[in-house]
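Structure assessment
These are the residues of each chain, in order.
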Amino acid sequence: MNAGAGGTQIDRQWVSDLVTVSVLRYPEASVRRQHTHRYAFITLLLRGSYRETVHAQRIDYQPLSAVFHPDGLDHEDEIGPGGPDVLTVELGPAMFGGLRRKLNGVGAARDLTGGPLVWSLLTMYADLAHAVRHPLLVEEPMAEVLDVLDNPRPGRLRRQAP
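Criteria and thresholds
- Note that residues are indexed from 1 along each chain, following the sequence as it is written.
- Local features in this predicted model are restricted to residues of pLDDT 70 or higher, and side-chain atom pairs are both shown and tallied only at a pLDDT of 80 or more, whereas totals for entire chains, interfaces and linings draw on every residue.
- No hydrogens and no water enter the side-chain calculation; it runs on all heavy atoms of the structure.
- A run of H or I in DSSP becomes a helix once it reaches four residues, and a run of E becomes a strand once it reaches two; helices and strands are each numbered from the N terminus.
- Each polar contact in these results corresponds to two N or O atoms within 3.5 Å; when the atoms are within protein, one needs to be able to donate a hydrogen and the other to accept it, and residues that are neighboring in sequence are counted only if both atoms are side-chain atoms.
- When checking whether two residues touch, look at their non-hydrogen atoms; a contact exists if any pair is within 4.5 Å.
- The pairing criterion is simple: DSSP has to find at least two bridges between the two strands.
- Orientation is described by axes fitted as lines to C-alpha atoms, over the contacting stretch for helices, and by angles from 0 to 180 degrees between their N-to-C directions.
- Looking at any residue, its pLDDT shows the predictor's confidence there, from 0 to 100.
- For every residue, the accessible area obtained with a 1.4 Å probe (protein chains only) is divided by the maximum for its type, and the residue is called buried under 20%, exposed over 50%, and partly exposed between those limits.
- Residues belong to a common nonpolar core when they are buried Ala, Val, Leu, Ile, Met, Phe, Trp, Tyr or Cys residues joined through side-chain atoms within 4.5 Å.

Points about the side chain of His75
Note on placement: His75 falls in strand β9 (residues 75-79). Within polar-contact distance, the side chain of His75 engages the backbone oxygen of Leu73 at 3.0 Å. Look past the residues within four positions of His75 in its chain and what remains in contact with it is Arg33, Gln34, His35, His37, Phe41, Glu52, Thr53 and Val54.

This is the structure we're talking about:
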């Protein structure tokens with residue numbers, strides 16, 4: 001395992017020209033103060049307890065919750081007891097193609113939980129676990145995710161009062 005930010009362990013990682021897929025293990029309960037990420041990314045909680053605060057909204061992840069984060073989004077993470085396992089997919093700028101201009105206006109996290117999108121993420125996770133690392137196995141499902149973001153359904157982000 002490689003060390004990531006804030007003591008996070010990178011259990012597995014696969015990198016293509018367009019995306020980086022990582023399985024992260026957080027060692028213990030903690031709070032990661034307000035921060036941003038250079039690239040847009042998707043988080044899928046595999047196991048454990050995890051919470052994010054984005055602006056005034058709190059997102060309580062349950063196992064198999066998936067949330068899209070646009071690049072540069074300020075947020076804070078709360079790592080639950082026992083440390084969760086998280087699948088993250090970072091989307092490089094080239095992955096957005098013609099959608100980039102439209103998605104630049106996306107300023108909030110989007111809940112993608114449920115349905116075929118989570119299935120695609122779980123399939124990527126299984127492929128990564130079995131060392132199947134062809135770029136299309138990751139890039140094609142991410143193109144589907146971007147299609148959903150381009151045509152969002154309202155009310156998908158679970159909100160909870162602080």
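As for the sheet that holds strand β6 (residues 50-54)
Within a sheet, each strand pairs with its neighbour through backbone hydrogen bonds, oriented either parallel or antiparallel. The strand order across the open sheet formed by four strands is β4-β9-β6-β7, and the pairing between neighbours is antiparallel. Strand pairing shows two members of the sheet lacking a second neighbour, β4 (30-35) and β7 (57-61), which therefore form its edges. Each strand axis lies, on average, 15° off the axis of its neighbour in the sheet, ignoring direction. Looking at chain direction, β6 and β7 are connected through five bridges and run antiparallel. Its bridge partner being in β7, Thr53 is matched across the sheet by Arg58.

Considerations on the confidence of the model for the chain
Should pLDDT be low for a region, the predicted coordinates there are not to be read in detail. This prediction gives the chain a mean pLDDT of 75; 75% of its residues lie at or above 70. Across residues 154-162, where pLDDT falls below 50, the model places 21 contacts with residues more than four positions away in sequence or in other chains.

Side note on the side chain of Ser16
As for its position among the elements, Ser16 is in the loop between β2 (9-15) and β3 (19-25). Taking the relative accessible area as the measure of exposure, Ser16 reaches 14% and is therefore buried. Setting aside anything within four residues of it in sequence, one finds Ser16 in contact with Pro135 and Glu139.

What about the pairing of strand β8 (residues 66-69)?
Alternating positions in β8 separate into two faces, Ala66 and Phe68 on one and Val67 and His69 on the other, with burial throughout. Bridge count between strand β5 (residues 40-47) and β8: four bridges; the pairing is antiparallel. Note on β8: the bridge partner recorded for Phe41 is His69. In this structure, β8 lies alongside strand β11 (residues 110-111), joined through two bridges in antiparallel fashion. Residue pairing in the sheet places Val67 in a bridge with Asp111 of β11.

Things to note about the nonpolar core
Membership of the largest hydrophobic core comes to 24 residues, with the highest contact counts inside it found for Val19, Val21, Val89, Leu91, Leu121 and Met142. Looking at this core, the elements that each hand over two or more residues are β3, β5, β8, β10 (85-91), α2 (115-129) and α3 (136-150). The element contributing the most residues to this core is α2, with five residues. Apart from the residues within four sequence positions on either side, Leu121 is in contact with Ile42, Leu44, Ala66, Leu87, Val89 and Met142.

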